[in-house]
Amino acid sequence: MKKDSLLPMVPKAIKTHVYDHQGVLLENHGALTWGKNLEHAYYLMESLEFTAKINWISRQLKGDRELSKENVAKLIEIKAMMGLEGISPLGVDVPEGMQAKKVTAVYEQTLSERDIDLIVDRVTTSVLNALKK
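Residues numbered from 1 in each chain as written. Predicted model: local features only at pLDDT ≥ 70, side-chain atom pairs only at ≥ 80, totals over all residues. Heavy atoms only, no water.

Let's shift gears to the packing of helix H2 (residues 38–60) against helix H4 (residues 113–132). The N-to-C vectors of H2 and H4 enclose an angle of 165°; their axes lie 12 Å apart at closest approach. One finds that H2 runs roughly antiparallel with respect to H4. As for the relative orientation of H2 and H4, their crossing is right-handed in sense. Note on element contacts: H4 touches H2 through Glu113, Ile116, Val120, Thr124 and Leu131, opposite Leu38, Glu49, Lys53 and Trp56. Residues of the contact of H2 with H4, tallied by class, amount to five nonpolar, one polar and three charged. (Axes fitted to C-alpha atoms, helices over the stretch in contact; angles between N-to-C directions. Helix = DSSP H or I, 4+ residues; strand = E, 2+ residues; numbered from the N terminus. Parallel < 35°, antiparallel > 145°, perpendicular 65-115°, else oblique. Left-handed = near helix turned anticlockwise from the far one by under 90°. Contact = heavy atoms within 4.5 Å. Nonpolar A, V, L, I, M, F, W, Y, C, P; charged D, E, K, R; others polar.)

Dropping the structure here:
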């Protein structure tokens, strides 16, 4: 199947990101990942969920930081060596000698471990149910 023939089935909000990214976070709807096959897409979802959990724990500990442009450039270089394509964040300007910059949150929300597990379960169930159809 030609990849452009799939685009009418993808909502407009996601369509612009399909070719340059491997997943999106959908506000109030969870996350969506895609890959060269189902196993690859599943791996990407696992990575996304793990990253989200680390981010959440980091925020709870008031330790979240944005990486410097230099560190992001190193990660992009590694990504290129692995043959991974797509748009990457650029990082932030930080004072000399610093590796990262403290993130200032617009709002804070606290979720329990149980809340996170429920969210992950609901998203996983929804994806599996959609695949059965």
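With that out of the way, let us pick up H2. If you check H2, its first and last C-alpha atoms are 33 Å apart, about what 23 residues at 1.5 Å a residue would give, namely 33 Å. Considering only its buried residues, H2 is in contact with strand S2 (30–33) and H4. One side-chain oxygen of the residue at the start of H2 lies 3.2 Å from the amide nitrogen of Glu39, identifying that residue as Asn37. Within two residues after H2, Lys62 carries a phi angle of roughly 60°, on the positive side. (Expected span 1.5 Å × (residues − 1). Polar contact = N/O pair within 3.5 Å; in protein donor to acceptor, adjacent residues only side chain to side chain.)

Let us now look at the confidence of the model for the chain. Confidence along the chain averages 79 in pLDDT terms, with 86% of residues attaining 70 or more. Of all helices and strands in the chain, the one with the weakest mean pLDDT is strand S4 (residues 100–102) (75), whereas H2 scores best (89). (pLDDT = per-residue confidence, 0-100.)

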